[in-house]
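Here is what each chain is made of, one letter per residue.
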Amino acid sequence: MTRALSTLLLLCLLLAGGVAHAGFRTFSERDAAVYCSADAGLDIDRVASAGWQTRFQPLPDGKLARGYGHDTCWLRLKLSDVPPRPWLELIPSYLARLSLYQRLPDGGWQRRDIGSWRPVSAMELPLIAASFSLLPHEQTVFVKVQSLALNAQPRLWSEAELAAHNNQRLLQLGLIYGYMLTMVLIALAAWLITRRAQHAKLFGYILAVACHRFATDGMARLLLFPEQPQIALLCNYVGLGAAVMLGCAYFAHLLELKRDYPRTYRLYQLQAAAGAATVLCALFWPFGLAYSIPVTLYAIIVINLLTLPVCWRLWRRNDSGDRLIALHLPTNLALNIPALLLHLGHIPYQSWIQEYGRLADLPPITLLYIGLFLRMRTLERERIEALHQASQAQADSLRQREAREEQADLLAMITHEIRTPVAIIDAASSSLRLLEEDAPAPPVLAQRQARHERIQRALQRMQELMRLAEQHGRADVSDAGLHSRPLDLLELTRRSLEQLDADAQRRFWLQSGGARMPLCGDDQLLTMLLQNLMENALKYAHPDTPIQIGVHRLADRIVWQISDYGPGIAPGQEEAIFQRFTRLAETSNRPGLGLGLHLARRIAVQHGGELGLDPHWPHGASFILHLPKAAHDAHSLA
C-alpha cells in the first residue's frame, strides 16, 4: 500500500511541474495598474475618466495581493502583442465577481460578468478559472474585482494554449482528487471496521480537506454544482472551517495533548474555535468571513509552530511510525506556508504556489497514513507478543500447579505408606522388650538395649520426615488463604514448649515483655513455625547449653527471638539456610531434609511478617521473627 501511494504522489508532483510551466504571458508594472476603494458603486465612466486615471497605482509584477477584505479593486490592463484569438484569464478560480469592460467603437463600454459566483452556463468555455475572450488588437481593458479574497493575477493566453493548459490541469486534478479519495476511503474503512472515535475524526478531517480543496480549485462548481455556484462557495468556506476543527480534534488525540501537554491542548481548542467561527459565518453571516478566515489562517501558522516541540519529543521515541507521524505537522506547515501567506496577502500571487498548493496536503497526509500503518503494525506485533507471553505464562502456571499437586500427592502417598511400617516396627520393638528373658547376661542386655535405641532413633527420624512432609503440604495449601483468628503468641510459645520432652523443656529460658502478645493468624501454621525453630535450636546447640526465647512488643510488631549457644551460621550463608532442601556442609551429619527453616520463613511471610538471623548475637545462631500485632488487644484475645 505504501509503495502504491508513493508512486501516485510522484506522478502528481511531476504533472504539477508541467502545468506550472505552461505557456502564458503575464503583465508588467507599466502595463497593469490597480485602484482599490470601499465604494462598490463606482461605474466604468468615472473610473476610466482622465482625472480618475491618476489614482491608479502600478501593479507590482502585474499581481494583486490584498488579502481578505470588502474593497472593490479595478485593474487597468494595456494589451499589446496580442496573440491570435486572445483570452484573458484571472486566477485563482475562487474569485467571486469579475466584470470585464472593453471599449466599443462608438465610445461606449461592453461589460461581461464572470467569476465563481456565476453559473457555468454563463461562461464562454467550461474552464476552471475565470476567462474572457478578447478582440485581437491592442487595447486597454478594465476588470472590476469584487471578491472576499483580493489576490489575483491576470494572464494572457491564446485560445489553443489555454484549452490545452485547462485539459492538462484537469488531468492533474483528477490524479490529485483520486489520491485524496483513496485516503478518504481508507479512513472510512478503518472507522467502519474498528468503530473507534479517532478513525472517525481522521475520516472527517481528510474529507473536509478534500471538500475544501475541491471547491477552491473550482472543481465543485464545474462538476457538481454548475448552476448553483453559491453551494460550491459554501463548500469552500465550510470545508476550511471543518478541516480546522476536525484536524485539531484528531491531532490533539493522536499526540495525547490533553494528558501530556495541556497548554498546547488549549491552543488547539482556540484554533478549533476559529474554525467553528468560519463555519458559522459561512452559513449565517458571510460578511464576517473577511475577519474569521484570516484569524483561522494565522492560528494555523502560529499554533502549528508552537506544536513543533511536541513533534520533536515524538520523534525521539525512535519508532519508525512515531517518527513519520512527527514529520507530518512540520511537513504540512512547510508546504502550506507559501499558500497561507499568499491568501493573507503577504506575498504576491504566484502561479507556482497555486499549482503546487494543490499538492501541499498530499505529502503530509501520506506521511501520516504510512506512520499510522507502521504504528498499527508495531502495536499488533506487541499485542501478539503479549498474547504469546500471557499464554506461555498461563501454561507455565498450569504446569507449576500440576507439579505442586503431583508433589503434594506424592508426599501424601509417601507419608501414608511409611506410617504403616513405622507403626509395625514400633509395635514389634515394644513386643521384643516384653519378651526379653527375665535375667539375661549383662553383655547381652547391653547389646539388645543398643539395638533398641538404634531402632528408636530410626523411627524418630522417619517420623520427623513424615511430619516435615505433612508440614510442607500444609504450607502449600495455606498459600490460598490462612485460617486466621485472634491468638496470643506468648501462650502459643508455652504450648509449643509443653510438647517437648522434660529434658528439652529444661534447656529453654523464656523471657517476655508483657502478659499478652496479641496477633491474628493461623494457629496450626504458627505452631509449626515455632516448633521448627525450637527443634532446630535443640538439634544444633551444644549439649547442655541454654536456649533463650524472648517475646516482646516493638511499635506495631511483635518480636519473637530464639538464640542458642552452638556453632552458628558461616558468613555468607545467612540467606542460603532458608532455601528449600539446602543444608550446610557442617550440619550434613545431622538428620533433616533442609525444609524446616524454609517452611518457617514461608509461614512468617504468609502472616505479613519476617524471619531472619540476628547478626549481633555472638555465641551461635539467633533467629528473630517479626509479626504484625493485632489492631485491638481486647478484641484479638476475646
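All of these numbers come straight from a predicted model, not from anything done at the bench.

Structural notes on the overall build of the chain
Stage number 1. Secondary structure summary: the chain contains 19 helices and 18 strands in total.
Stage number 2. Looking at the chain as a whole, 47% of its 638 residues are labelled buried.
Stage number 3. Contacts in the chain between residues far apart in sequence, at least 24 positions, make up 76% of those at least 6 positions apart.
Stage number 4. Accessible surface, the chain as shown: approximately 32200 Å² in total, 59% of it carbon and sulfur.

Quick look at unusual backbone geometry
Stage number 1. Backbone torsion omega between Ile-91 and Pro-92 reads 10°, so that peptide bond is classified as cis.
Stage number 2. Its location among the elements puts Pro-92 in the loop between strand E6 (86-91) and strand E7 (97-103).
Stage number 3. The phi dihedral of Glu-256 falls on the positive side, at around 55°, and the residue is not glycine.
Stage number 4. In this fold, Glu-256 is placed in the loop between helix H6 (229-254) and helix H7 (257-260).
Stage number 5. Exposure remark for Glu-256: the relative accessible area of 33% places this residue in the partly exposed category.
Stage number 6. Despite not being glycine, Asp-544 has its phi angle at roughly 65°, a positive value.
Stage number 7. As for its placement among the helices and strands, Asp-544 is situated in the loop between helix H17 (523-540) and strand E15 (547-554).

Topic: the packing of aromatic side chains
Stage number 1. In total, this model carries 14 aromatic pairs according to the counting rule given.
Stage number 2. A centroid spacing of 5.5 Å and a plane angle of 85° characterise the contact between Tyr-205 and Phe-251, whose relative ring orientation is edge-to-face. Residue Tyr-205 is located in helix H4 (residues 197-216), and its partner Phe-251 is located in helix H6; the two are separated by 46 residues in the primary sequence. Both residues of the pair, Tyr-205 and Phe-251, belong to the buried class.
Stage number 3. Ring pairs connect the aromatic residues Tyr-35, Trp-52, Phe-56, Trp-109 and Phe-142, which therefore count as one cluster.
Stage number 4. Sitting over the face of the ring of Trp-117, Arg-118 holds its NZ or CZ atom 5.2 Å from the ring centroid.
Stage number 5. Arg-323 extends its terminal NZ or CZ atom over the ring of Trp-315, reaching a point 4.3 Å from the ring centre.

Description of a nonpolar patch on the surface
Stage number 1. On the surface, Leu-234, Leu-280, Leu-283, Phe-284, Trp-285, Phe-287 and Tyr-291 cluster together into a nonpolar patch covering about 780 Å² of accessible area.
Stage number 2. Broken down by element, the nonpolar patch gets its largest block of residues, 3 residues, from helix H8 (residues 262-284).
Stage number 3. As for its position among the elements, Tyr-291 is in helix H9 (residues 289-306).

Digging into the pattern of salt bridges
Stage number 1. This structure, assessed with the given rule, holds 15 salt bridges.
Stage number 2. With a closest N to O distance of 2.9 Å, Arg-111 and Asp-113 form a salt bridge.
Stage number 3. Notably, a salt bridge pairs Arg-317 with Asp-322, separated by 3.7 Å at the nearest N-O pair.
Stage number 4. Residue Asp-322 is classed as buried on the basis of its relative accessible area of 8%.
Stage number 5. Overlapping salt bridges bring together Glu-89, Arg-155 and Arg-169 as one network.

Considering the pairing of strand E18 (residues 622-628)
Stage number 1. The element E18 is largely enclosed, with a buried count of 6 among its 7 residues.
Stage number 2. Two strands pair when backbone bridges link them, and strand E16 (residues 557-563) and E18 are joined in this way by 7 bridges, in the antiparallel orientation. Across the sheet, the residue bridging to Arg-557 is Pro-628, located in E18.
Stage number 3. Strand direction decides the pairing type here: strand E17 (residues 610-613) and E18, joined by 4 bridges, are antiparallel. Within E18, the residue paired with Gly-612 across the bridge is Ile-624.

Description of helix H11 (residues 320-343)
Stage number 1. Here H11 contains 24 residues, and its C-alpha end-to-end distance of 35 Å stays within 8% of the 34 Å for a straight helix at 1.5 Å per residue.
Stage number 2. Asn-336 marks where H11 bends most, by close to 45°; the proline Pro-338 follows one to four residues later.
Stage number 3. Its side-chain oxygen 3.1 Å from the backbone nitrogen of Gly-321, Asp-319 forms the N-cap of H11.
Stage number 4. Residue Gly-345 follows H11 closely and has a positive phi angle near 85°.

Points about the confidence of the model for the chain
Stage number 1. For the chain, per-residue confidence averages 82 on the pLDDT scale, and residues scoring 70 or more make up 82% of the total.
Stage number 2. Long-range and interchain partners of residues 17-21, a stretch whose pLDDT sits below 50, account for 10 contacts in this model, where long-range means more than four residues apart.
Stage number 3. When the criterion is pLDDT under 50, residues 633-638 qualifies, and its contacts beyond four places in sequence or with other chains add up to 14 contacts.

Remarks on the sheet that holds E7
Stage number 1. Spatial ordering of the open sheet is given by E3-E2-E5-E10-E7-E8, a layout of 6 strands whose pairing is antiparallel. Looking at which strands have only one partner, the edges of the open sheet turn out to be strand E3 (57-58) and strand E8 (109-114).
Stage number 2. Here E7 pairs with strand E10 (residues 139-146) via 5 bridges, running antiparallel. Bridging across to E10, Ser-99 finds its partner in Lys-144.

The rules behind each value
- Residues numbered from 1 in each chain as written.
- Predicted model: local features only at pLDDT ≥ 70, side-chain atom pairs only at ≥ 80, totals over all residues.
- Heavy atoms only, no water.
- Helix = DSSP H or I, 4+ residues; strand = E, 2+ residues; numbered from the N terminus.
- Buried < 20%, exposed > 50% of the residue type's maximum accessible area, 1.4 Å probe, protein only.
- Contact = heavy atoms within 4.5 Å.
- Areas by Shrake-Rupley, 256 points an atom, 1.4 Å probe, with all protein chains shown as cover.
- Phe/Tyr/Trp six-rings, centres within 6.5 Å; stacked < 30°, edge-to-face > 60°.
- Lys NZ or Arg CZ within 6 Å of the ring centre and 35° of its normal.
- Patch = residues over 30% accessible without salt bridge, like charges linked within 9 Å, V, L, I, M, F, W, Y side chains within 5 Å.
- Salt bridge = Lys/Arg side-chain N within 4 Å of Asp/Glu carboxyl O.
- Pairing = 2+ DSSP bridges.
- Expected span 1.5 Å × (residues − 1).
- Bend = angle between axes of the 7 residues up to and from the residue.
- Polar contact = N/O pair within 3.5 Å; in protein donor to acceptor, adjacent residues only side chain to side chain.
- pLDDT = per-residue confidence, 0-100.

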